[in-house]
Amino acid sequence: MRFPRPIDSTLHGFTDYSVGATLLTVFPRLANIEGTESARQIRIAGATHASYSTLTDYPLGIVKLIPYRATWRSTLPVRWRSQPRPSSPGSGRRAAGTGCPTWRCARSSSRRSC
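Residues numbered from 1 in each chain as written. Predicted model: local features only at pLDDT ≥ 70, side-chain atom pairs only at ≥ 80, totals over all residues. Heavy atoms only, no water.

A. Local environment of the overall build of the chain. Helices and strands together make up the secondary structure of the chain, namely six helices and two strands. The helix and strand sequence of the chain, counted from the amino end, reads α-α-α-β-β-α-α-α. Looking at the chain as a whole, 19% of its 114 residues are labelled buried. Looking at the chain alone, contacts between residues at least 24 apart form 29% of all its contacts between residues at least 6 apart. (Helix = DSSP H or I, 4+ residues; strand = E, 2+ residues; numbered from the N terminus. Buried < 20%, exposed > 50% of the residue type's maximum accessible area, 1.4 Å probe, protein only. Contact = heavy atoms within 4.5 Å.)

Next up, the structure:
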């Protein structure tokens, strides 16, 4: 099943470059983490994002080595992991009707793992 495309490839390219530039320049300052290891990692992520954007085969790509669909597929694991899960560890939610922090534990007959 094909999903409708919410944005065209030109707007996608513009967004990619904007995100890369923001992560590389102003985001560490806005997040008040300037000069930390986290800021360095975010800048590396921004540089990587901008770099693969220049290599992507879309209208704003410069070298066009990476197929456009391959970059879309490369973000699927990130999108899947970022989806909210019911009562994932650290979410602060409790299983319905119990004092147990996870659904797995609430379903089990033994609550020793709570």
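B. Local environment of the side chain of H49. Mapped onto the elements of the fold, H49 is located in helix α3 (residues 37-55). Setting aside its immediate chain neighbours within four residues, H49 contacts D16, V19 and G20.

C. Representation of the pattern of salt bridges. Applying the stated criterion to the full structure yields two salt bridges. Among the ionic pairs, E34 bridges to R43, the shortest N-O distance being 3.0 Å. Overall, the relative accessible area of 45% leaves E34 in the partly exposed class. Close ionic contact of E37 with R40 constitutes a salt bridge, the shortest N to O distance being 2.7 Å. Here E37 and its partner R40 are both found in helix α3, three residues apart, which amounts to about one turn of the helix. A relative accessible area of 46% means that R40 is categorised as partly exposed. (Salt bridge = Lys/Arg side-chain N within 4 Å of Asp/Glu carboxyl O.)

D. Molecular detail of the packing of helix α1 (residues 9-24) against α3. Packing of α1 against α3 leaves a shortest axis separation of 7 Å and a crossing angle of 155°. Taken together, α1 and α3 sit at an angle that is classed as roughly antiparallel. Classified by chirality, the crossing of α3 by α1 is left-handed. Residues D16, Y17, V19, G20, L23 and L24 of α1 pack against I42, R43, G46, A47, H49, A50, S53 and T54 of α3. Among the residues forming the contact of α1 with α3, the class breakdown is seven nonpolar, five polar and two charged. (Axes fitted to C-alpha atoms, helices over the stretch in contact; angles between N-to-C directions. Parallel < 35°, antiparallel > 145°, perpendicular 65-115°, else oblique. Left-handed = near helix turned anticlockwise from the far one by under 90°. Nonpolar A, V, L, I, M, F, W, Y, C, P; charged D, E, K, R; others polar.)

E. Local environment of the environment of V26. Along the polypeptide, V26 turns up in the loop between α1 and α2 (27-30). Sequence separation between V26 and R43 is 17 residues, and the spatial gap between their C-alpha atoms is 9.5 Å.

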